[in-house]
Each structure stands twice: as structure tokens, then as C-alpha cells.
2 protein chains.
Amino acid sequence: MDIAKKILLVILDGASDRPVKGKTPLQLANTPNLDKIASMGISGIMDPIAPGIRPGSDVAHLALLGYDPYEIYTGRGPFEAAGASIPVKKGDIAFRCNFATKRGDVIADRRAGRIRGTGELVRAVQEGVHLDVTFMFEKSAGHRAALVLRGSGLDSDVSDSDPKHDGEAVRNVRALKPDAERTARILNEFTKQAESILERHPLNVGRVKAGKPPANTIITRGAGMVPDIKTFSEKYGLKGAVIAATALVIGIGRICGLNYIETKGATGGVDSNIDAKVKNAIDALKKHDFVLLSIKGTDEASHDGDVKKKIKFISKIDEILAPIIDLKDTLIVVTADHSTPVAVRDHSADPVPVMIAGPGVRADNVCAYDEVSAATGGLNRIRSVNLMPILMDLVNKTKKFGA
Amino acid sequence: MDIAKKILLVILDGASDRPVKGKTPLQLANTPNLDKIASMGISGIMDPIAPGIRPGSDVAHLALLGYDPYEIYTGRGPFEAAGASIPVKKGDIAFRCNFATKRGDVIADRRAGRIRGTGELVRAVQEGVHLDVTFMFEKSAGHRAALVLRGSGLDSDVSDSDPKHDGEAVRNVRALKPDAERTARILNEFTKQAESILERHPLNVGRVKAGKPPANTIITRGAGMVPDIKTFSEKYGLKGAVIAATALVIGIGRICGLNYIETKGATGGVDSNIDAKVKNAIDALKKHDFVLLSIKGTDEASHDGDVKKKIKFISKIDEILAPIIDLKDTLIVVTADHSTPVAVRDHSADPVPVMIAGPGVRADNVCAYDEVSAATGGLNRIRSVNLMPILMDLVNKTKKFGA
């Protein structure tokens, strides 16, 4: 069979970098397996959005799945909410939330002492707060949570209550246009009622007694509307799965109609059980046409500015990815959502290296997976939003334009 | 410091070319310093506008500064007027003008014998002409001048009075759409009054006596409206300077909010004092975040069809650029605004070689600055309008799209 049937898309979050003393972490790491895939396939560089546009993780992943973020993206909230298992629907307005500690009007700790186990608090808020729209409040990792408002006349164009820095006053949510005034009012009402419930909740009374910062308020950010998009199966006719540790990527997968396959011990850090994730991905390919495998630790190491940790983790990923080389009838695609240079400790706009190996691929002369080698490859310079159409064509499932 | 702080953009006007007997002037010239910068940095080819689109110098420079000419460009007049030190404002209608010699209805000499020293004539016209809008008339280099009309109800969509060739009748200015009728009428009135003043001006009377062609009319072309754009500091948050010899580049710089730094002896030709310009540029980087250094002689040599002159001048530029290699914390960017093949003696649409060296840059294997080497580089193929966003990301000053 000369035409690939399945697609494995491996996203090494923020793995792409700039040179540190002359070489990038991908160049410095020991990556015989990634290099093998490069030598089997075609490489190139890829702008997450467009040259010089610095992307967030949300828009970067949407583009990789072939959804133009300029058309559908309004904020990160919907994807975080879906990742927190809230069954969002098109048109819902969603927010990222933190449980936080408020003293007077000031946010003393945006993470309430990095509180864990907020299930009780979440249930108390869901049961105790009464709004004139439907709402769903759910916990996410650690101090994080997500809120969804559902009803007519809502709009995502509202400001954050999260002041972003400890020691600043919590902000009143404001409408950024007249249509959003009702949403802002409802959100402020939610916070007011939630604070009254949280203040007297036994868990917080206990934390205060124990000298811990209480989770006595909820701050919101990243308002967005759940987009009205075609699911992955509607758009591509593919049955897809997502294997990831972070709520964002899981949520993007869910909103795009991918099945989320949970992996025990997946943390999103360099301590993640990536061995199990890779096994899960290979297994998922038996029942799916498309599997997105997201590995996040590379990005974490970059945000920490820790080049050694990043190099070590890339070498570990390489070792664990070895079995994917033997996949049959499958396009093996390896890339990054965006660059996260350790020198910057944040995302940059630099293009990412991408490679595709498998049946029908025009193998080039590139034999290493890194930013500089990839730039000499047969894909030249593409954009993330081009990737899915290219893969769809390689699995022979594109519609013809013209006749 | 691993992140660049400043940007030096060197534009070798029209340096990019096609092969002449197998090699381009950039390949044939002796350029050890440009080659050193190539080997330090990342190279690529760059379409001034888009593949196959042959650009004027005006739109090419706007694109290099990150302004999309399709959105803001209506004609060259505004930039020439700003370059001639007319304090233009958004919405002004501006024209390039020539003092010319008219015999009967025919333009005998479009440059009035390449007249110089037109200051007196300009003052006489500015004082003697009376229009029902505000106007500013100013001399530029040699026989050139610029005219600006300011007032309500004006429109730049008018034809040229300049017939473009000697021996043709001067053209009546026509409105190219109904809204521009008033502007056409005012312009024809300007010419009529100016001719009457010029005809009897002592300077022209003297020229006729001396057997020289009198500057007895003013012909106009390049009508355009001063665009409503963000200045460089509003758009990028950068304090910028421009070092150039030609009114066009100075004017584009001024309209984009760059400080013009004058250089004694800068002519825009191969005889220009480029040594002083390079010193000025290095000096300007102390007080600016961004410096545009424009060197024009390469384009002049191409328009003359003189390949030897072009090669010799490129070698001279290379020698004089040597000190920029030692700039610290600075992105050194070298490119051309467009190609001007000596064989064509005019601009072509061929992409130009571009290179970026400095902190954080992914150095590639290119080690020569020329059209063919650059095409194998790590930037692959970009467009001029992409350049500023890429540079802004390298100095870590881009906003994030998404979260």
C-alpha cells in the first residue's frame, strides 16, 4: 500500500527554540529516533500563524488542527472549560478561573496558596449561586477552575477580573461593548455570591485556622465564546483522538470533536508518564484515523529558562518515541505548536521545525530534527494552518478544486 | 544578553540583480564583510510585494517598514513632498513636480536643462499664486519640486500633467472620478498662474538671453493622499531614525515618524559620502532603537545599465560597512528594496537577498551575500512586509495573539 491511511501528529510543545551559545536544544539533545524520522521523511519550517506573529498555545493548536484562529478564536476560556470536562455548546461564554485569596479589595494570592482539592468548594458554588442564566462551574488542575454561562443575550467581550499580579485590587468586570453589559453584570453577580459562600465554607475556615491563605474569591480571565465550527469528522471525515495532559489541549481536542484518551501519570511536566502516552497513542491508532499526541514538558522547561532540563527531556522523549518509527500505513508527523526560547522564557514567533514521514512522502536530504536542518528541507516554509490540508492530501482524502 | 535590543536595517537600493554572463553583481563584487554577516546570521530571499509583482521604490520601502502598500498607498507625491521638507498632514494631496521648458503647447525639456537653484522661482510661485485651498510648493533636488494641496473636498485621483516624454504636449489634469473634479480644476489653475509668474521671472528672462531653456512651466505627476497611518513609535514602540540621500526615502521615513539625520555629501549616487552615512548610522543607534540606512548608488548604476560601476560600488559599500559587524546587542539586517537588473535598467520583481545577524538568530550555512546563496538560507522565502514583524519578535517586542 503506497498511500498512508492514518496520521499520528506529535506536538512537542514549545520544543522549538533559538540558539543558546550557537546551538538550539533540539540540536544539542541526543535524538537518534527523531533524526531517523527526519531522514525517512520530508522536513520544513512552519510559522504557527504567520511570520513574526507570536502565538498563544490556544491559537497555535487550533491552526495545527486546520482551524483558522483569526476566524474562530475569541478567547481561551472555551477550551479550558472543555478541558475541565464541562460539556460546552456552541455559543456558550466561558472563562478561565482561579481560586484566589482576597484581603480587603486586594488579591493577596492569585493561587490561594496553590490550593488543591477544590471539589467541595466547586460544588458549594455550583449549588449556592443563583443567576438568571444557566451556569456550569468546574474545577481544573490545582487552584484553577472554569466557568461557563449559557443563555441568550450573552457576549464574550468583557474584561478580566483577574488583576494578573498579586497585591493589586480585584477588578470589576466591564463590558467592552454595549452588547456585553448583561454578561459583565452576571459575572460580577457570580463573584459576589461565590465570595459569600466561600468565605464561610468549612474548608476555608479550616485553612484560616491552619494559617493557610483561604480560597475566598474567584477571579476570571480569557473570556471567549465556544466557536461554531465543524468537528474533525465533519471537516475531514476522520475519527480522531487526543492524548494530552493539559486542560487546554484536551479542551481544544474535545471542541474539535476528538476523543480524549486519558493517560495515568500524564502531568504536562518533565516528570510526565510519556512512556504511557506514547503507548496509548500507538494503541489509539488501531481505532482512530488521526491521533494527536501532545507532550508539554519541553515548554515547561523553557518557561523555567532551564536549557539543561529542556535538552534532557528532549533526549528522553526521543528514546520513548522509538516505537512510532515502526508504525505501518501511518504518516508520522512531528512538530511544535510554537517556539519557546529558553532565553525568552515565553513564546516567540520563530517558525517551528516540522517533519512528515510515511507512505508517499517525498523524502528529502534532511537527516536531523532541528530548527536549522528543517529549514533546508523539502517542505520549505509553510504555516501551521497548511499542515492538515497537506496531511489530508497524503491520506488521499481531499476534495478536488476544479475538474 | 541573549536578546537583541536594537535594529540596523541597511537597504542597498536595487543591489539585487540577475546574472550577467552567469553571475550577479553581488556574486561578482568583492564582499568579505557582507559575506561575514551572512555566515554569522540567517539568510533568505524576499519578495518586495509578492512573487512577480514589480515594485516602485515607494511601495518597496513602505513594505520594508511593515506598512502594507495595498492598504495605504495612493501615489508617490506625499513621500516626495515630505522629503522636500513640506510638513505634510494626513489627508493632504501631494504631487511630484518638475520645472520644465514649454514651447507653445509642447514640453521641449521635461527638466528645463537640468536647472539647479530654483529657490527664487519656488518663492515667487508660493507668493504669487492664489488658490481657494491652502497650498505648499517646495523645491527638491535639481529641477524637481513638490506641491501639496490642503483643504476639504480634495481627492488624489487625478491624472498627470507631465507627458513623460519631451516633445509631447503638456496634459490638462483630469479627474479620474467625479469626486476629484475640484482637485483637477485647482491643479490646472495652479499651473496657469505659475506659468504667468515664471514666464516673466528675471531668472528665466536671463536664461533665455543666455540661450538656456527657461523653467517656464511646472508639470505634475504621482498624485497621492498622505496616508492615515500609525507612526513607527505608535506601531512598534520603537524610536527610529532614517539616514538617506533621496527625498523619497527621507520622506517615507518622515511620514512613518523616523527622525531624519542629515549626512553631508550624501548624494544618492556612486559618488556619495557613504563613509559618513555609515558612521552616522552607528552613531544614531546610540539614541535610537531602529536605524534605516539607505544606500542608493547601486540602483543608479543599474538604471545606467553599467555593470562594472555597480560591481565596483558594491565592493566599496562592503569595505565601508565593515564596522557594523562589531555592533553589540544589535540585529544587523542587510537587504535591497527591490531588484534592478542592469540588463533591464529598471526595477524587476525578482526577490531580493535578505540576511539577519545578531543575538538569538538561528544562523544557517549560508556564507555569502548574494541572490543565489540567500535562496538556500534558513529564512526560506518571505515578503518584505514580513520583515519588521520578524525583527520585532527578535527584539522581544511583539504582542501575543491568543493566550
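Structure report, in brief. (Residues numbered from 1 in each chain as written. Chains lettered and ligands numbered in written order. Predicted model: local features only at pLDDT ≥ 70, side-chain atom pairs only at ≥ 80, totals over all residues. Heavy atoms only, no water.)

On to the overall build of chain A, then. Within chain A, the regular secondary structure consists of 15 helices and 14 strands. Whereas a compact globule of 403 residues would reach a radius of gyration of roughly 22 Å, chain A reaches 22 Å, a difference of no more than 12%. Once the C-alpha set of chain A is aligned to its principal axes, its extents read approximately 65 × 50 × 35 Å. The burial tally for chain A puts 59% of its 403 residues in the buried class. Carbon together with sulfur atoms contributes 48% to the accessible area of chain A, which is approximately 16400 Å² in total. Charge centroids of chain A, computed over 56 positive and 49 negative side chains, lie 3 Å from each other. (Helix = DSSP H or I, 4+ residues; strand = E, 2+ residues; numbered from the N terminus. Rg over C-alpha atoms; globule rule 2.2 N^0.38 Å. Buried < 20%, exposed > 50% of the residue type's maximum accessible area, 1.4 Å probe, protein only. Areas by Shrake-Rupley, 256 points an atom, 1.4 Å probe, with all protein chains shown as cover. Lys, Arg positive; Asp, Glu negative; His and termini not counted. Charge placed at Lys NZ, Arg CZ, Asp CG, Glu CD.)

Residues and elements named next belong to chain B. The backbone of Ala112 shows a phi angle near 45°, a positive value even though the residue is not glycine. Looking at the secondary structure, you find Ala112 in the loop between β4 (106-109) and α6 (119-128). At Arg114, a position not held by glycine, the phi torsion is positive, near 45°. Its place among the elements puts Arg114 in the loop between β4 and α6.

As a further point, take the nonpolar core. Within the largest apolar cluster, 56 residues are counted, with the highest numbers of intra-cluster contacts made by Phe232(A), Phe290(A), Leu292(A), Leu331(A), Val333(A), Ile356(A) and Leu387(A). A total of 5 residues in this core trace back to one element, the largest contributor, which is helix α10 (residues 247-255) of chain A. Mapping this core onto the domain boundaries places at least three of its residues in each of domain 1 (6-73 + 229-394) and domain 2 (80-225) of chain A. If you look at the next biggest cluster of nonpolar residues, it comprises 53 residues, including Ile7(B), Ile86(B), Leu248(B) and Met392(B). (Core = buried A, V, L, I, M, F, W, Y, C linked by side-chain atoms within 4.5 Å. Domains from an automatic or database assignment.)

Turning to the packing of helix α6 (residues 119-128) of chain A against helix α7 (residues 181-199) of chain A, a few remarks are in order. Residue and element names in this part refer to chain A. In contact at an axis separation of 10 Å, α6 and α7 are set at 125° when each is read in the N-to-C sense. Of the possible angle classes, the one that applies to α6 and α7 is oblique. Of the two possible hands of crossing, α6 and α7 adopt the one that is right-handed. On α7, the residues touching Leu121, Ala124, Val125 and Gly128 of α6 are Phe190, Gln193, Ala194, Ile197 and Leu198. (Axes fitted to C-alpha atoms, helices over the stretch in contact; angles between N-to-C directions. Parallel < 35°, antiparallel > 145°, perpendicular 65-115°, else oblique. Left-handed = near helix turned anticlockwise from the far one by under 90°. Contact = heavy atoms within 4.5 Å.)

Let us now look at the pattern of salt bridges. Residue and element names in this part refer to chain A. For the structure on display, the rule yields 44 salt bridges over all chains. For Asp155, the salt bridge identified is with Lys177, shortest N-O distance 3.3 Å. Of this pair, Asp155 sits in the loop between β7 (144-150) and α7 while Lys177 sits in the loop between β7 and α7, and the two are 22 residues apart along the sequence. The exposure class of Asp155 is buried, given its relative accessible area of 13%. Residue classification places Lys177 among the partly exposed positions, given a relative accessible area of 34%. When the shortest N-O distance is used, the salt bridge between Lys309 and Asp304 registers 2.7 Å. Classification of Lys309 as partly exposed rests on a relative accessible area of 25%. Look at the salt bridges and you will find they share partners, linking Asp13, Lys296 and Asp299 into a network. (Salt bridge = Lys/Arg side-chain N within 4 Å of Asp/Glu carboxyl O.)

Our next topic: the sheet that holds strand β2 (residues 42-47) of chain A. All names here are of chain A. On the basis of which strands lie adjacent, the open sheet formed by 8 strands has the order β10-β9-β11-β1-β12-β13-β2-β14 and mixed pairing. The open sheet is flanked by β10 (259-260) and β14 (380-383), the only strands paired with a single partner. Across 6 bridges, the pairing between strand β1 (residues 6-12) and strand β11 (residues 290-295) is parallel. Bridged to Ile11 within β11 is Ser294. (Pairing = 2+ DSSP bridges.)

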